[in-house]
Amino acid sequence: MHLFYKKMNYPILMADIIQSRQQEGSGLMEAFKKLVMQLNQSHRHALLSPLTITLGDEFQGVAKDLSAALQIVFACEEGIIQQQLGIQMRFVLVHGPIDTAINEERAHEMLGAGLTLARQQLNLLKKNPSRFRMQFTEPAQPKENALNNGLFLYQSLVDAWKPKDWPAVSVLLQEPDYKLAAELLQIDKSSAWRRKKSLNIEAYVRCKELLMYLLKTEN
C-alpha cells in the first residue's frame with residue numbers, strides 16, 4: 001500500500017553491518033532479521049515506511065520525524081548490546097526529498113534525491129571511522145555540525161564497551177537505580193555503583209538527551 005504522495009522532505013534512515021562478510025553468514029543474518037523485526041514492532045507508530053532489509057546486511061526506512069529516526073538508531077545500538085550480537089553498524093540519517101509515493105509496507109520502490117544522498121553518505125562512511133552521520137539537503141550548517149559532533153561523542157561511549165561489559169550495560173540502561181541493578185546482576189551494591197561509573201552510563205544517557213534536544217531546537 002502506498003501513502004498519498006506529497007512532495008516534501010522525509011527523515012530517511014539507512015544502516016549496514018560493518019565487515020559483515022567476516023561474520024558467520026546464516027546465524028548473523030537471522031539475528032539481524034530478528035533485530036529489524038523487533039525495531040519495526042516497537043517503533044511501528046514512528047515509521048512511515050518500515051525498516052526493510054535491502055542487501056542482506058543493510059536496511060532502510062522512512063520515519064515520521066527526525067526525533068523518531070534518532071530514537072530508532074539508539075534502540076538498534078542498545079538492541080545489539082542486549083542481544084550480544086557481536087556486530088557494529090553504521091547509520092546515516094538524511095532529511096531529504098522523496099519523489100514517489102511512500103510505500104508503507106516495504107521501503108522499496110521509492111525514488112528521490114534524499115534516498116540518493118543517503119546511499120552516498122552510507123558509502124562515504126565506509127571510508128571513515130565514524131559510524132554515524134546526519135545530513136540535510138538544505139542544512140543549517142551549525143546545527144548539523146553540532147549533531148554530528150554529538151554523534152561522535154555517542155559513538156566513543158558505545159564503542160568503549162567491550163563484549164564482556166554488555167550484560168552489565170544492558171541491565172544498567174534498563175534499571176538506572178544501581179541498587180536495583182545490583183540485584184539483577186547478582187552483585188553487591190557498591191560493585192554495581194562502580195560499574196555504573198566505570199561504564200559511563202550516566203554520560204551515555206545524557207549524550208542521548210543532548211542529541212534529542214539539539215535535534216528539536218530551532219536552527
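Residues numbered from 1 in each chain as written. Predicted model: local features only at pLDDT ≥ 70, side-chain atom pairs only at ≥ 80, totals over all residues. Heavy atoms only, no water.

**Here's the deal with the pairing of strand 2 (residues 47–53)**
Moving on, step 1. Counting buried residues in strand 2 gives five out of seven residues, a clear majority hidden from the surface.
Moving on, step 2. Bridge count between strand 2 and strand 3 (residues 58–63): four bridges; the pairing is antiparallel. Pairing of Ser49 across the sheet is with Val62, part of strand 3.
Moving on, step 3. In textbook terms, the turn of a hairpin is the stretch between consecutive antiparallel strands, and for strand 2 and strand 3 this stretch comprises four residues, one of which, Gly56, has a positive phi near 85 degrees. (Buried < 20%, exposed > 50% of the residue type's maximum accessible area, 1.4 Å probe, protein only. Helix = DSSP H or I, 4+ residues; strand = E, 2+ residues; numbered from the N terminus. Pairing = 2+ DSSP bridges.)

**A few points about the pattern of salt bridges**
Moving on, step 1. All told, the structure shown has 12 salt bridges when counted by the stated rule.
Moving on, step 2. A salt bridge links Lys126 to Glu58, with the nearest nitrogen and oxygen atoms 4.0 Å apart. With Lys126 in the loop between helix 3 (113–125) and strand 5 (132–136) and Glu58 in strand 3, this residue pair connects regions lying 68 residues apart in the sequence.
Moving on, step 3. Via salt bridges that share partners, Asp16, Glu58, Arg90, Arg119 and Lys126 belong to a single interconnected network. (Salt bridge = Lys/Arg side-chain N within 4 Å of Asp/Glu carboxyl O.)

**As for helix 8 (residues 201–216)**
Moving on, step 1. Helix length check: helix 8 (16 residues) gives 23 Å between terminal C-alpha atoms against 22 Å at 1.5 Å per residue, within 8%.
Moving on, step 2. For helix 8, the full list of buried residues reads Ile201, Tyr204, Cys207, Lys208, Leu211, Met212 and Leu215. Here the buried residues of helix 8 occupy an arc of 130 degrees about the axis, which is enough to place them on one side. Exposed side of helix 8, more than 90 degrees from the buried face: Arg206, Glu209, Tyr213 and Lys216 are the residues found there. (Expected span 1.5 Å × (residues − 1). Arc of directions from axis to C-beta.)

**A few points about the nonpolar core**
Moving on, step 1. In this structure, Phe59, Leu70, Met89, Phe91 and Trp161 are the most contacted members of the largest nonpolar core, which totals 49 residues.
Moving on, step 2. The dominant element in this core, judged by the number of residues it contributes, is helix 2 (residues 66–82), at 10 residues.
Moving on, step 3. Other than its neighbours up to four places away in sequence, Phe91 contacts Leu13, Met14, Ala15, Phe59, Val73, Cys76, Glu77, Leu125, Arg131, Phe132 and Arg133. (Core = buried A, V, L, I, M, F, W, Y, C linked by side-chain atoms within 4.5 Å. Contact = heavy atoms within 4.5 Å.)

**Some details on the pairing of strand 4 (residues 89–97)**
Two faces make up the sheet, and in a regular strand the side chains alternate between them.
Moving on, step 1. Where burial is concerned, most of strand 4 is hidden: eight out of the nine residues are buried.
Moving on, step 2. Across nine bridges, the pairing between strand 1 (residues 9–17) and strand 4 is antiparallel. Along strand 4, the bridge assignment pairs Ile12 with Val94.
Moving on, step 3. Remark: the strand 4/helix 3/strand 5 crossover connection has left-handed handedness. (Right-handed = clockwise from strand over helix to strand, strands pointing away.)

**So, unusual backbone geometry**
Moving on, step 1. A positive phi angle is found at Gln84, which is not glycine, with a value near 50 degrees.
Moving on, step 2. With respect to the helices and strands, Gln84 occurs in the loop between helix 2 and strand 4.
Moving on, step 3. The exposure class assigned to Gln84 is partly exposed, which follows from its relative accessible area of 47%.
Moving on, step 4. For Gln186, which is not a glycine, the phi torsion comes out positive at approximately 60 degrees.
Moving on, step 5. The residue Gln186 is located in the loop between helix 6 (178–185) and helix 7 (189–198) in this model.
Moving on, step 6. Exposure remark for Gln186: the relative accessible area of 74% places this residue in the exposed category.

**Description of the side chain of Asn40**
Moving on, step 1. Mapped onto the elements, Asn40 comes out in helix 1 (residues 25–42).
Moving on, step 2. Within polar-contact distance, the side chain of Asn40 engages the backbone nitrogen of Leu51 at 2.8 Å.
Moving on, step 3. The contact partners of Asn40, leaving out residues within four places of it in the chain, are Leu47, Pro50 and Leu51. (Polar contact = N/O pair within 3.5 Å; in protein donor to acceptor, adjacent residues only side chain to side chain.)

**Topic: the packing of helix 2 against helix 5 (residues 166–174)**
Moving on, step 1. Where helix 2 contacts helix 5, the axes come no closer than 8 Å and their chain directions differ by 130 degrees. Put simply, helix 2 runs oblique to helix 5. For the pair helix 2 and helix 5, contact is made by Glu78, Ile81 and Gln82 and by Trp166, Val169, Ser170, Leu173 and Gln174, respectively. (Axes fitted to C-alpha atoms, helices over the stretch in contact; angles between N-to-C directions. Parallel < 35°, antiparallel > 145°, perpendicular 65-115°, else oblique.)

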